[in-house]
2 protein chains.
Amino acid sequence: MAKAQNITIALDAMGGDNAPESVIKGAELAIAKCSEVNFLIYGDENKIAPILDSCPKLKQKSEVIHTEDVISDDDKPSNAIRQGRKSSMSLAVKAVRNGKAIGAVSSGNTGALMAISKIMLRTLPGIDRPAIGTVVPTKRSDSVMLDLGANVYCDGNNLFEFAVMGDAFARTLLGVNNPSIGLLNIGSEEMKGNEAVRDAASMIRESDVGLNFYGHVEGDDIARGVVDVIVTDGFSGNIALKTAEGTAKMIANSLKDALRGSILARIGALFAKPALKALFNKFDPRLHNGAMFLGLNGIVVKSHGGTDALGFANAIGVAAKLAKKNINEEIIKEMQESGHIPPEDENGDGK
Amino acid sequence: MAKAQNITIALDAMGGDNAPESVIKGAELAIAKCSEVNFLIYGDENKIAPILDSCPKLKQKSEVIHTEDVISDDDKPSNAIRQGRKSSMSLAVKAVRNGKAIGAVSSGNTGALMAISKIMLRTLPGIDRPAIGTVVPTKRSDSVMLDLGANVYCDGNNLFEFAVMGDAFARTLLGVNNPSIGLLNIGSEEMKGNEAVRDAASMIRESDVGLNFYGHVEGDDIARGVVDVIVTDGFSGNIALKTAEGTAKMIANSLKDALRGSILARIGALFAKPALKALFNKFDPRLHNGAMFLGLNGIVVKSHGGTDALGFANAIGVAAKLAKKNINEEIIKEMQESGHIPPEDENGDGK
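We now turn to the structure provided with this report. Just so you know, these numbers come straight off a predicted model, no measurement behind them.

This paragraph deals with the sheet that holds strand β8 (residues 212-217) of chain A. Residues and elements named next belong to chain A. A sheet is described by the order of its strands in space; here 11 strands give the open sequence β3-β2-β1-β4-β11-β10-β5-β6-β9-β7-β8, paired in mixed fashion. The strands lining the two open edges of the sheet, one partner per strand, are β3 (62-66) and β8. Taking the axes of each pair of neighbouring strands and ignoring which way they run, one obtains an average angle of 25° across the sheet. When strand β4 (residues 103-106) meets strand β11 (residues 299-302), the two strands line up parallel, connected through four bridges.

Take a look at the structure:
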């Protein structure tokens, strides 16, 4: 039997609405599922220590590195880079750069985390721009979607790179062989949509990397689970993800209200409770929490700012799984196979 | 008491998956709600007559104009314009141009309907490009959203015009006074998003028309009902609407499956049936069917291609309501107040 790999994850203990409690309690939940993980915990030791004391198993596997600096949700990315060098977020990403950790997880300011990660970790050979990818629940099973907001403007080349990264993301995170890839568009016909989408379709078809390209997909195809990987620009992707989340929440709340609305409905809800609970669990956003910054030299996972310990544990699980499965090696390999080297990176093949 | 206004609506009887039955039966349903409507029905008389014979009330209020030409869903818009001059769709829109009808309703090919409508009806004074707008259900009540796919690329000027048209659309269709307007974006901060969205925000703020501008909204704000009018480009708007529809459908289907999954759940569903039925009705897409092509000299409403009689009746209701409330006069008035005349239309103020 192979010896379990040792995985060290750096945690920004101070990011997010419920930090540091959600972070520490989340890490405690995570080691119950994934025993080979150790933690470097960055943040205010005075706040972290009392919570960590209540988690003896986690304490054994953790080192706390004290810092009082915190990047707030209002900080502009440029300020965060300049003034946040000793922040819990920056130090966590720095640990990845220095090889002390294989990945970092933060619930903090997304723009700041992306800016810091880009500067500290740089993009992988062949990758022009990093993208944010996450898991989305569908009727069939889970799919992945990217970009979710890192890149407002994208050309065909960017979308092609997202397709390659999305392929590696789906294979490593979801365990899907030869994932099907769709370009998000406003019609399934080739002529529809914008130039970037049409260019990307040609590039994917003509590439040597052998992606399993389905073609164009529309907004309703996301929830139908028509493809394993949905590729789009950061503007549309962010809107699509948040629209889906908002719609799901509205319907769930309306359902809850309806089942509290009359005595008959309450009785019905009592009988149907196990079935309804399973349904709510299936779409529980905490169980899909954890968006990866794809395309960087290191694993950085962004957890939702408002999540709790269960959600944060899931984000740690995403980072650990992607580390174990070496997602970045997969991306580098595919980019090399694609013969695709961006102009400014002609020697960027890792040699 | 004022005499009821007489409203004539032209129907494309041959467009959509369930035509002509959904169209004729839909018109029959519509007159039950709106007795002042008359119809010009364009299509194959041999197929229409037997259905119309079963709707005596409708027959009294209808004139059938026979044509065998039909524009199919596969027809390219350019072909539809050139070769579809005698199609049921073209003739219905032509009736609006010639003043025989105040509005046209079709479940046919969206791209063809838009192309034909643009050529036949031309844009309103001051409006550069028409947009597709529709009603979306929210947690609070209904909102409207535009554009939904007519314009893939939009600049700030286009979005400004959509805001004006959306304002008139919400006032006339939803009956909201001084509707709040939001620009769909990927963050609520001013600096977020693309250039078009930022330009539009400035133009709306600086305009004399006095729009009730809320600011930027995100995808999850749509279902939350944060604003009455959601303004966006046709690429993001189409994706957002279809993503919301797809998510709602997935959850509804999952709920139905869950409530059939065990004996206990079935018993629960029986008790909760009235509450659940009310919930499904609230989000029934047929009751939100009917998207208006805003910004043209005439009312054209696109019904969903797959809808049934109930859905088509709703689309007719949208056209009738917008006609009664003179939506286009409202748009012209607001555009004049805004002092906004596009460069190529300096004399386009209707004088």
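Next up on the list: the packing of helix α7 (residues 156-174) of chain B against helix α8 (residues 195-206) of chain B. Residues and elements named next belong to chain B. One way to put it is that α7 packs onto α8 with a least axis distance of 7 Å and a crossing angle of 50°. Our classification of the angle between α7 and α8 gives oblique. Where α7 crosses over α8, the handedness of that crossing is right-handed. The residues of α8 that touch α7, namely those facing Gly156, Asn157, Leu159, Phe160 and Ala163, are Ala196, Val197, Asp199, Ala200, Met203 and Ile204. Its residues assigned to classes, the contact of α7 with α8 comprises eight nonpolar, two polar and one charged.

What follows is about the sheet that holds strand β6 (residues 142-146) of chain B. Residues and elements named next belong to chain B. Reading across the sheet, the 11 strands line up as β3-β2-β1-β4-β11-β10-β5-β6-β9-β7-β8 and stay open at both edges, with mixed pairing between neighbours. Edge positions in the sheet fall to β3 (62-66) and β8 (212-217), since each of these pairs with one other strand and no more. Within this sheet the neighbouring strands show an average axis-to-axis angle of 25°, counted without direction. Sheet topology note: the strand β5 (residues 131-137)/β6 ladder contains five bridges and is antiparallel. The partner of Gly133 across the bridge, within β6, is Leu146.

Residue and element names in this part refer to chain B. Tracing the backbone through its elements, the reader meets Ser90 in helix α5 (residues 88-97). With a relative accessible area of 2%, Ser90 lands in the buried category. A distance of 2.8 Å separates a polar atom in the side chain of Ser90 from the backbone oxygen of Gly84. What Ser90 contacts, discounting residues up to four positions off in sequence, is Ile71, Gly84, Arg85, Ile116 and Met120.

Summed over the entire model, instances satisfying the criterion amount to one aromatic pair over all chains. Taken together, a centroid distance of 5.8 Å and an interplanar angle of 0° make the contact between A:Phe271 and B:Phe271 stacked. Of this pair, A:Phe271 sits in helix α11 (residues 263-282) while B:Phe271 is found in helix α11 (residues 263-282), placing the two residues in two different chains. What makes A:Phe271 partly exposed here is its relative accessible area of 30%. Over the face of the ring belonging to A:Phe280 we find A:Lys256, whose NZ or CZ atom lies 5.0 Å from the ring centre.

The next subject is the pattern of salt bridges. Residue and element names in this part refer to chain A. Evaluation of the coordinates by the stated rule reveals 22 salt bridges over all chains. Residues Lys59 and Asp53 are paired through a salt bridge, measuring 2.6 Å at the closest nitrogen-oxygen approach. Lys59 gets classed as partly exposed once you look at its relative accessible area, which sits at 42%. Overall, the relative accessible area of 47% leaves Asp53 in the partly exposed class. Here Arg260 ties to Asp257 by a salt bridge, and the two come within 3.4 Å at their closest N and O atoms. Residue classification places Asp257 among the partly exposed positions, given a relative accessible area of 46%. In this structure, a network of salt bridges that share partners links the residues Asp167, Arg171, Glu330 and Glu334.

The rules behind the values
- Residues numbered from 1 in each chain as written.
- Chains lettered and ligands numbered in written order.
- Predicted model: local features only at pLDDT ≥ 70, side-chain atom pairs only at ≥ 80, totals over all residues.
- Heavy atoms only, no water.
- Pairing = 2+ DSSP bridges.
- Helix = DSSP H or I, 4+ residues; strand = E, 2+ residues; numbered from the N terminus.
- Axes fitted to C-alpha atoms, helices over the stretch in contact; angles between N-to-C directions.
- Parallel < 35°, antiparallel > 145°, perpendicular 65-115°, else oblique.
- Left-handed = near helix turned anticlockwise from the far one by under 90°.
- Contact = heavy atoms within 4.5 Å.
- Nonpolar A, V, L, I, M, F, W, Y, C, P; charged D, E, K, R; others polar.
- Buried < 20%, exposed > 50% of the residue type's maximum accessible area, 1.4 Å probe, protein only.
- Polar contact = N/O pair within 3.5 Å; in protein donor to acceptor, adjacent residues only side chain to side chain.
- Phe/Tyr/Trp six-rings, centres within 6.5 Å; stacked < 30°, edge-to-face > 60°.
- Lys NZ or Arg CZ within 6 Å of the ring centre and 35° of its normal.
- Salt bridge = Lys/Arg side-chain N within 4 Å of Asp/Glu carboxyl O.

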